[in-house]
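Descriptive analysis of the structure
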Amino acid sequence: MNMNFENVFKENYVYLYNFALKLTCHPQNAEDLAQQTFLVAFEKKEQLRDENALRKWLVSICYRQFLMLLRKSNTLEESDEELDEYEQEAQLLSGSLPLPEEEVIVADEIKSLQNGCFMAMVRKLSLKQRIAFSLVDMFGMQPDYVSELLEISPNALKGLLFRARMNLDSFFAGHCNLLDSQNPCSCQAWIEFRESHEKNKMEMRTTVKHLDYKEKGYHFDSKIRSKVQYLYSHMPEQRPSEAWFSRVIEIFR
């Protein structure tokens, strides 16, 4: 198919960068992944038969490139031994959405820190949980498409979402001041701490090695779920740096 690839890039780079960001949960890694995706797509542009399927094609390339990078770094989780457990837990998934009165108001001055913290905690999930949660709850993709992309059953995806949501809920329920004013961790306190100390602002986050709600004996709390879901689903769309945009656009000229 004959296409102007520079236009394809300009029209889709924000969308694809945000997809890559949800896979990697790291801005620099997302830039690298998005750039590699467009390079591969440019090399294989003749393989696209349906222009209406362009974004789906780009997403598929991006996901395959992501898996290749994980394999090269030996961080890909190959085992599927828990898939049966995920299938069984599918029935436990709550699909409740936050009601308007449950919306969480976040001050503009702390949004950047809050978003960085929330993204960092998603990285503490297992790889499959992270991808399922990031693509469905953060990026807003349809579960049926995500299960197809991951090559797992819809019920297995539901089980992954259940575990991811419970793990994140259990952590933030006892830590985040945005969810409960009695919790110890406050974005404003971190801002003040950063301004008055030279210590690493990520200190608290790096002490958490992984999230496992079962270790805490956590049980589903609909109020926590709705607040956490609201915060994650309302994280703003992000853009890569101007230097990245200029560097990639030069490739297609």
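Criteria and cut-off values
- Throughout, residues of each chain are indexed from 1 in the direction in which the sequence is written.
- Owing to the predicted nature of the model, reporting of local features is limited to residues with pLDDT of at least 70; listing and counting of side-chain atom pairs is limited to 80 or more, with chain, interface and lining totals taken over all residues.
- Here the side-chain values reflect all heavy atoms present in the structure, with hydrogen atoms and water set aside.
- Numbering of helices and strands runs from the N terminus; a helix is a DSSP stretch of H or I covering at least four residues, while a strand is a stretch of E covering at least two.
- Throughout, a contact is declared for two residues whenever any of their heavy atoms are within 4.5 Å.
- Here a polar contact means two N or O atoms within 3.5 Å. Within protein one must be a hydrogen donor candidate and the other an acceptor candidate, and residues neighboring in sequence count only if both atoms are side-chain atoms.
- Any Phe, Tyr or Trp ring, taking Trp's six-membered ring, that has another such ring centre within 6.5 Å forms a pair; planes under 30 degrees apart are called stacked, those over 60 apart edge-to-face, and the others tilted.
- Throughout, exposure labels follow a simple rule: accessible area from a 1.4 Å probe, protein chains only, divided by the maximum for the residue type, with under 20% read as buried, over 50% as exposed, and the rest as partly exposed.

**Things to note about the environment of Ala30**
With respect to the helices and strands, the residue Ala30 is situated in helix 2 (residues 27-43). When the C-alpha positions of Ala30 and Ala20 are compared, they lie 4.9 Å apart, and in sequence the two are ten residues distant. Here Ala30 is in contact with Tyr17, Ala20, Leu21 and Thr24, once residues within four sequence places are set aside.

**Comments concerning the side chain of Ser134**
As for its placement among the helices and strands, Ser134 is situated in helix 6 (residues 127-138). A distance of 2.7 Å separates a polar side-chain atom of Ser134 from the backbone oxygen of Arg130. Once you skip the residues sitting within four places of it in the chain, Ser134 turns out to touch Lys22, Cys25, Val122 and Phe139.

**Some details on the packing of aromatic side chains**
Summed over all chains, the structure comprises 19 aromatic pairs. Taken together, a centroid distance of 4.9 Å and an interplanar angle of 90° make the contact between Phe133 and Tyr232 edge-to-face. One end of the pair, Phe133, is in helix 6; the other, Tyr232, is in helix 12 (residues 222-233), and 99 residues separate them in sequence. Of the residues examined, Tyr232 reaches a relative accessible area of 1% and is grouped as buried. Cluster of aromatic residues (ring-pair linked, three or more members): Phe5, Phe9, Tyr13, Tyr17, Phe38, Phe42, Trp244, Phe245 and Phe252.

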